[in-house]
Amino acid sequence: MFFPRAMTEIELVVPSKDLLAVTKILSRRGVFHQADSNYPGVDTGAANTWQETAAAYAALERRLQLMMQTLGIEEGQPPSAEFEAVPEIETVRSAVDEIEAEVKRVSDQLSAEKKRLEQLQSDLRQLEPLAGVDADIGSLRGSGYLFSMLGQIPTANVDRLKTSLARVPHVFLILRSDSQKSVVWLTGSKNNADVLDRAARSAYLNPIALPTEYRGTPEKIIKNIHEAIQTTQQKISELNGELKKLAEARRERLQRLLWEVHASRVTADAIVRFGQLKHTYVIVGWVPTDDLEVLTQRLKQASKEILIQTVPISRAGHNQHVPVALFNNKWLKPFQMLVNTYARPRYGELDPTILMAFTFPLLYGAMFGDLGQGLVLFIMGLLMHNGKFLKSMKSLGLLIAYCGASAAIFGALYGSVFGFEGEHFYHTFGFEFHPLWISPLHEILKVALLAIDAGIVLLSLGFLLGIFNHIRSRDWAHLTFGHNGIVAFVLYLSFLGILGRLDLPVIPNLARALGTLPVPFTALGIVTGLGIMFSEVFRNLIEGHRPLIEGGIATYAIQAPMELFEVIISFLSNTFSYVRVGAFAVAHGGLSLAIFSLAGEEHDLGFWLTIIIGNLFIIGFEGLIVGIQTMRLHYYEFLGKFFTGGGMRFEPLTLTPSSEEG
């Protein structure tokens, strides 16, 4: 579990007659990561027939998904019985056409009725302002010789419109008016249409456009529209019921067809990527080594004439082309998600998931130490994980539960329960609750130095793991002179040793302890500093690259000291960045004190409401901020010391969608 799963490269030569049987085995097991067979000697251009088959099944799959969406049918789980291996396309298409015709007949009628309902409702909204007008709508429409506009205008703009039309022949009638809006009718000669229209628009006269078939008074038309809406809604309800019956009748058949078509499409897509000779196919890919034996047995049972060649892939060296299959442990999945967000491990590289499962909750708990608030996070995380609370964040449930448990443990060590500690706890509950270890608010400097000590331990561990990874990948140049190699690590220890010999109160405890060792840290620092300064030259020398110095000696003379300065600054910033662990522990207690000051001295209803709201704020807001800071310490300070990432995702060939691999 400390490394991705060991992989074996596999090459198969399969007779044409056994192609579908072998493909079925490869896709059923879910352990075969396919690669394109495009090396010399293999004719990939002969797969046109399979490309057409794949395209045909893809089109059928889209049609089935659209039908099921129309009928409100879920895709469901794949049937337990095995699918037929690429059934006859015409048979499947005929079945799809039959059901699609039924669905289309009803859905088209439903769409037409819904469109009619929208139009009726739109007409009703336009007519409602005219409800009190006693005039025939038809008489208010313009003829071929007249400009006519019926609409609403802000009452305050009526006089403005009249003034602007004073010199233009027109008829202007106010059909209905109130303090806000007025319903008006404006008409005039077609010759003055442009002037009348501009004046109406400038006065914000909003036209009412109604279909020409409406006749009679607005009240009569509104009544007819209400009746039409009621009839249309009833028709829509009947059609929805018909669709529901159709969905119940066709559910199982559609789901079965969808999975058969999906499996056929996946199979055809896979075969397109096979290499094709005259009478055989060549299949290339990778299989996890521990699954190879069972897969090989199944393949030989499916084809007696199959040729199988396997090549185990060593974890040593650079193998970026090898897919990375991680161990799927459901309890570690949240931390695997955090690691993959940073980068997927390369094949053979140390997978930091287990290490992060220890360090992430540890740092979170140290920054958010409170027994009560931690238990709330723990319970909330479990409820999220089980889908009882905030289902959209289910994937984060276990992570929140782990961090909450750690916060509760540190809360007991800090002597804090829902912000109550020290005298507040005693005055409220009548008995004392002492810290089992340390009180951040009362020992601020000690907490800060302990946080830096923890950072030194983690950074040193990161250096050692980076050295270990360089040895495994046989990267001797970076092992020795890389920024996370042996020389850099010795320089870091020398830096700490020199720092530890300074007579200052803010020196970390581990640096002081290191400074007491009889080691010439100054001389060692100078030597390793020169090693880092000229690391490019030494790396090129080890790797055999020429020239040793690129860009000229003058440029390098400026660049080399800057590289050393950059490394030392990174040592300093990375180490003291962990002081934020202690700072947040202190800030957490300080925020609790601020809430108590707002709550007052009297333990009345207002006091407890303030405490409850304050704790909810701390759990929500500060809990999120601490999570971000914990992630930052891992991504920017810790993982970069030993973890490169950039691995290829393991994507096994499967006929049905599999659960996402972490």
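Quick note: structure is the one above.
This report concerns the structure included in the present document. (Residues numbered from 1 in each chain as written. Predicted model: local features only at pLDDT ≥ 70, side-chain atom pairs only at ≥ 80, totals over all residues. Heavy atoms only, no water.)

Structural notes on the overall build of the protein chain
- For the protein chain, the helix and strand inventory stands at 21 helices and 11 strands.
- The C-alpha radius of gyration of the protein chain comes to 38 Å, more than 25% above the 26 Å expected for a compact globule of 662 residues.
- Overall, the C-alpha framework of the protein chain stretches about 110 × 85 × 65 Å when taken along its three principal axes.
- Across the 662 residues that make up the protein chain, the buried fraction comes to 46%.
- For the protein chain, the share of sequence-separated contacts (at least 6 apart) that also reach a separation of at least 24 residues comes to 79%.
- Counting every atom, the protein chain has about 34,000 Å² of accessible surface; 60% of that belongs to carbon and sulfur.
- In the protein chain, 58 side chains carry a positive charge and 64 a negative one; their mean positions are 5 Å apart. (Helix = DSSP H or I, 4+ residues; strand = E, 2+ residues; numbered from the N terminus. Rg over C-alpha atoms; globule rule 2.2 N^0.38 Å. Buried < 20%, exposed > 50% of the residue type's maximum accessible area, 1.4 Å probe, protein only. Contact = heavy atoms within 4.5 Å. Areas by Shrake-Rupley, 256 points an atom, 1.4 Å probe, with all protein chains shown as cover. Lys, Arg positive; Asp, Glu negative; His and termini not counted. Charge placed at Lys NZ, Arg CZ, Asp CG, Glu CD.)

Considerations on unusual backbone geometry
- Despite not being glycine, Tyr204 has its phi angle at roughly 60°, a positive value.
- For Tyr204, the position within the fold is in the loop between α5 (193-202) and β6 (206-207).

Focus: the layout of surface pockets
- Space inside the largest pocket adds up to approximately 500 Å³.
- Taken together, 22 residues make up the lining of the largest pocket; nearest its centre are Met393, Leu396, Ile400, Gly623 and Leu624.
- Of the residues belonging to the lining of the largest pocket, the class tally is 18 nonpolar, four polar and no charged. (1 Å grid on protein atoms, 1.4 Å probe; cavity = no way out; pocket = protein on both sides within 12 Å on 5 of 7 lines; lining within 4 Å. Points joined across faces, edges and corners; volume = space filled by probe spheres on them. Nonpolar A, V, L, I, M, F, W, Y, C, P; charged D, E, K, R; others polar.)

A look at helix α18 (residues 535-543)
- All of the buried residues in α18 are Ser535, Glu536, Val537, Arg539 and Asn540.
- Summarising the contacts, the buried residues of α18 are in contact with α14 (476-481), α17 (521-533) and α19 (553-577).
- Two residues or fewer after α18 comes Gly544, characterised by a positive phi angle close to 80°.

Describing helix α15 (residues 486-500)
- Between the first and last C-alpha of α15 there are 21 Å, a value that for 15 residues agrees with the 21 Å anticipated at 1.5 Å per step.
- Burial within α15 is extensive, with 11 of its 15 residues counted as buried.
- Every buried residue of α15 is accounted for by Val487, Ala488, Phe489, Leu491, Tyr492, Ser494, Phe495, Leu496, Gly497, Leu499 and Gly500.
- Residues of α15 that are buried in the fold lie against α13 (444-473), α14, α16 (509-515), α17 and α19. (Expected span 1.5 Å × (residues − 1).)

A few points about the sheet that holds β6
- Within the open sheet, the four strands sit side by side as β4-β5-β3-β6. Their pairing is antiparallel. With one partner strand each, in any of the chains shown, β4 (170-177) and β6 form the two edges of the open sheet.
- The pairing of strand β3 (residues 146-154) with β6 spans two bridges and is antiparallel. In the strand pairing of β6, Gln152 is matched with Asn206. (Pairing = 2+ DSSP bridges.)

Quick word on the pattern of salt bridges
- If you walk through the whole model with that rule in mind, you get 20 salt bridges.
- Residue Asp97 is joined to Arg63 by a salt bridge in which the shortest nitrogen-to-oxygen separation is 2.4 Å. Remark: Arg63 occurs in helix α2 (residues 48-71) and Asp97 occurs in helix α3 (residues 89-127); sequence separation between them is 34 residues.
- Note that Arg265 is salt-bridged to Asp269, the shortest N-O span being 3.4 Å. Taken together, the residues Arg265 and Asp269, both in helix α6 (residues 218-272) and four residues apart, mark about one turn of the helix.
- Here Arg265 falls in the partly exposed class, since its relative accessible area comes to 21%.
- With relative accessibility at 33%, the residue Asp269 sits in the partly exposed group.
- Among the charged side chains, a salt-bridge network with shared partners connects Arg5, Asp290 and Asp291. (Salt bridge = Lys/Arg side-chain N within 4 Å of Asp/Glu carboxyl O.)

Section: the side chain of Thr575
- Considering the arrangement of structural elements, one finds Thr575 in helix α19.
- Residue Thr575 is classed as buried on the basis of its relative accessible area of 2%.

Notes on the pairing of strand β5 (residues 181-189)
- Burial within β5 is extensive, with seven of its nine residues counted as buried.
- Strand direction decides the pairing type here: β3 and β5, joined by nine bridges, are antiparallel. Residue Gln152 lies in a different strand from β5, and its bridge partner there is Val183.
- Taking the residues that link successive antiparallel strands as the turn, the β4-β5 hairpin has three residues.

Considering the packing of helix α9 (residues 353-367) against helix α11 (residues 397-414)
- Two elements in contact, α9 and α11, have axes whose closest approach is 7 Å; the angle formed by their N-to-C orientations is 45°. By the angle between their directions, the pair α9 and α11 is classed as oblique. Crossing geometry of α9 relative to α11 is assigned as right-handed. Side by side, α9 and α11 meet where Phe360, Pro361, Leu362, Tyr364, Gly365 and Ala366 of the first sit next to Leu399, Tyr402, Cys403, Ser406, Ala407, Phe410 and Tyr414 of the second. (Axes fitted to C-alpha atoms, helices over the stretch in contact; angles between N-to-C directions. Parallel < 35°, antiparallel > 145°, perpendicular 65-115°, else oblique. Left-handed = near helix turned anticlockwise from the far one by under 90°.)

Concerning the packing of aromatic side chains
- Applying the stated criterion across every chain yields a total of 18 aromatic pairs.
- The interplanar angle of 40° and the centroid separation of 5.3 Å between the aromatic rings of Tyr342 and Tyr635 together place this pair among those described as tilted. With a gap of 293 residues between them, Tyr342 in helix α8 (residues 333-342) and Tyr635 in helix α21 (residues 605-638) connect regions that are remote in the sequence.
- The class for Tyr342 is partly exposed, based on a relative accessible area of 29%.
- Grouped by ring-pair contacts, the aromatic residues Phe420, Phe596, Phe607 and Trp608 constitute a single cluster. (Phe/Tyr/Trp six-rings, centres within 6.5 Å; stacked < 30°, edge-to-face > 60°.)

Quick word on the packing of α13 against helix α20 (residues 579-599)
- Here α13 crosses α20 at 145°, and the two axes come no closer than 6 Å. The chirality of how α13 crosses α20 is right-handed. Contacts between α13 and α20 involve Ile444, Val447, Ala448, Ala451 and Ile452 from the former and Val579, Val581, Gly582, Ala585 and Val586 from the latter.
- A breakdown of the residues in the contact of α13 with α20 according to their chemical character gives nine nonpolar, one polar and no charged.

With respect to the side chain of Ser303
- Here Ser303 lies in the loop between α7 (289-302) and β9 (307-312).
- Here Ser303 falls in the buried class, since its relative accessible area comes to 1%.
- Of note is the side chain of Ser303, whose polar atom sits 3.3 Å from the backbone nitrogen of Ile306. (Polar contact = N/O pair within 3.5 Å; in protein donor to acceptor, adjacent residues only side chain to side chain.)

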